[in-house]
Structures are given as structure tokens and as C-alpha cells.
Amino acid sequence: MKKVGKYFIVVILCLALVTGFVLYSPRFLLYSSEYRKADAVILILGPDFKARQKEAYELIDEGMADYLIIPAYHKVYRVYEKEMKKYLSPNLNFLKSGQNNVNANKKFYEDTHLEIIEAKEIMSDLRLNSAIFVSSPYHMRRIKLIAGNVFDSNKNIFYFVPTHYEKAPADFRELSSADWKKVRREYSKILWFLLYSPWSK
């Protein structure tokens, strides 16, 4: 009977831990950092691209970067000022990155991982050392994890800014079924990245 009691306590503790993790899981994904002026804003692709793009443009308007990089499209725009307003130059097509299809042999890589590898190639071409990553709120923890894997933290400075134009509740009681689906998808992608990342360098 004593053994049964011990097993019961262990089961209860395990259930409590799992429940705690599930309830805290949305909040954990919502990573952000303070930011300062950087060399570039890196815009990561996703379903609600307009919300992310709006946040990136606001950072450009604030004078927070000299370049806008959209690695999924292999596009780079130079920021310039005219009559006290910020503008973006046409796409800088001279860059080597993207033309050589640097990600051709990385088919099992997670898409965001490929984008960040591409961003690294572009930044290397332009000799840029700092950037502000912009994406959806639930996406930011994974971006930070991957950026830490791809870039040299001793040579690069990064900031992480989630878009304010996309709903992403932190309180589990406020999540819709669609929100929970996003959260589950994010954790599955994080797990996949953690599984293959030791062989990705």
C-alpha cells in the first residue's frame, strides 16, 4: 500500500508539472527585448505578413536601421531620408546571397532556420553586425534560439521585436483554439530544431 501511495504522489506531481507547463507555454513563447539603433531590420516571413511588415516599417520610420532585410525573398532595401521622411531604395540585387542558393542542401531545416542563415549571408555581404528581428509574437522565442545557433554572439548584436499588430495572448484563459494551434505548432518546430541542430553546423 505504501508503494501504491508513493506511485500516486509521483503521478500527481508529474501531472502538476505537465499542467503547469501547458498553462505557461504561451507566455514562454512571447519573447521580446529592448532595442537600439541597429544596422538592419530583419523581417521574418509568416502567415500574417502585413502585421509584421507594419512593425518593421515603424522601426524604419523611427530611424532604427539603415537596411531592411527580408531573407525569405532574398531582398534587401537601403533606407534613406528625404525631407525628414524615411524611404526604402529598390531591392539591392548585387548581393551574392540567394543567387547561389545557399540553402539548397538543407531540405530538412526548419524554414525560419533557412531564413536566418540567409540573413547571415546577407549581413556578411554588407558587413553588418547588428540587427532587429521582427516577427509574430509567438514566433520570437524560436527566432532567438535559432539566431543564437547561427550567429556568433561575440561578433553580432541582436534585438527582438514582436509585432504589436497581431493578437497573441499570454494568459492561457484568453487563448482561442486558433491560438492554441499556433502555440502547439511553435513547440513542435522548436523540438524539431533542437533535434537536428547538433548536426546543422
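Just above, that's the structure.
The structure presented is a predicted model; accordingly, all values stated were derived computationally and were not measured.

Caption draft 1: Molecular detail of the overall build of the protein chain. For the protein chain, the helix and strand inventory stands at five helices and six strands. Start at the N end of the protein chain and walk to the C end: the helices and strands fall as α-β-α-β-β-β-α-β-α-β-α. For the protein chain, the proportion of contacts with a sequence separation of at least 24, taken over those separated by at least 6, is 72%. Accessible surface, the protein chain as shown: approximately 12300 Å² in total, 57% of it carbon and sulfur.

Caption draft 2: Local environment of helix 2 (residues 49–61). A rise of 1.5 Å per residue sets the reference length of helix 2, with its 13 residues, at 18 Å; its end C-alpha atoms lie 18 Å apart and thus fit the reference within 8%. Along helix 2, the residues classified as buried are Phe49, Ala51, Arg52, Glu55, Ala56, Leu59 and Ile60. Immediately beyond the C-terminal end of helix 2, within one or two residues, lies Gly63, with a positive phi of roughly 80°.

Caption draft 3: Molecular detail of the nonpolar core. Ranked by internal contacts, the top residues of the largest apolar core, which has 28 residues, are Ile42, Ile69, Ile116, Met123, Phe133, Phe151 and Phe160. Those elements giving two or more residues to this core turn out to be strand 1 (40–43), strand 2 (67–70), helix 3 (111–126), strand 5 (130–135), helix 4 (140–150), strand 6 (157–162) and helix 5 (177–196). Considering every element that reaches this core, the biggest residue donor is helix 3, with seven residues. Setting aside its immediate chain neighbours within four residues, Phe133 contacts Ile42, Ile44, Ile116, Met140, Ile143, Ala147, Phe151, Phe158, Tyr159, Phe160 and Val161. Leu59, Ile70, Val79 and Val161 belong to the second largest nonpolar core, which has 17 residues in total.

Caption draft 4: Focus on the side chain of Asn156. Mapped onto the fold, Asn156 is located in the loop between helix 4 and strand 6. Within the structure, the side chain of Asn156 is placed 3.4 Å from the backbone oxygen of Asn129, a separation counted as a polar contact. In this view, Asn156 contacts Leu128, Asn129 and Phe151; residues no more than four positions away in its chain are not counted.

Caption draft 5: Expanded view of the pairing of strand 5. By the criterion of burial, strand 5 is predominantly enclosed, with six of the six residues buried. With burial as the criterion, each face of strand 5 is covered, one bearing Ser130, Ile132 and Val134 and the other bearing Ala131, Phe133 and Ser135. Relative to strand 5, strand 1 runs parallel, the two sharing four bridges. Residue Val41 lies in a different strand from strand 5, and its bridge partner there is Ile132. Between the parallel elements strand 5 and strand 6, the chain passes through helix 4 in a crossover that is right-handed.

Caption draft 6: Expanded view of the layout of surface pockets. By volume, the largest pocket amounts to about 310 Å³. Pro47, Arg52, Arg185, Glu186 and Lys189 are, among the 19 residues lining the largest pocket, the residues nearest its centre. Elements with a minimum of two residues in the lining of the largest pocket: helix 3 and helix 5. Of all the elements, helix 5 adds the most residues to the lining of the largest pocket, at four residues. Its residues assigned to classes, the lining of the largest pocket comprises four nonpolar, four polar and 11 charged.

Caption draft 7: Here's a closer look at the pairing of strand 2. Side chains Tyr67 and Ile69 of strand 2 all project onto a buried face; the interleaved residues Leu68 and Ile70 project onto the opposite face, where all are buried too. In this structure, strand 1 lies alongside strand 2, joined through three bridges in parallel fashion. Directly across from Ile42, in strand 2, lies its bridge partner Ile69. The parallel pair strand 1 and strand 2 is bridged by helix 2, and the resulting crossover is right-handed.

What counts and how
- Residues numbered from 1 in each chain as written.
- Predicted model: local features only at pLDDT ≥ 70, side-chain atom pairs only at ≥ 80, totals over all residues.
- Heavy atoms only, no water.
- Helix = DSSP H or I, 4+ residues; strand = E, 2+ residues; numbered from the N terminus.
- Contact = heavy atoms within 4.5 Å.
- Areas by Shrake-Rupley, 256 points an atom, 1.4 Å probe, with all protein chains shown as cover.
- Expected span 1.5 Å × (residues − 1).
- Buried < 20%, exposed > 50% of the residue type's maximum accessible area, 1.4 Å probe, protein only.
- Core = buried A, V, L, I, M, F, W, Y, C linked by side-chain atoms within 4.5 Å.
- Polar contact = N/O pair within 3.5 Å; in protein donor to acceptor, adjacent residues only side chain to side chain.
- Pairing = 2+ DSSP bridges.
- Right-handed = clockwise from strand over helix to strand, strands pointing away.
- 1 Å grid on protein atoms, 1.4 Å probe; cavity = no way out; pocket = protein on both sides within 12 Å on 5 of 7 lines; lining within 4 Å.
- Points joined across faces, edges and corners; volume = space filled by probe spheres on them.
- Nonpolar A, V, L, I, M, F, W, Y, C, P; charged D, E, K, R; others polar.

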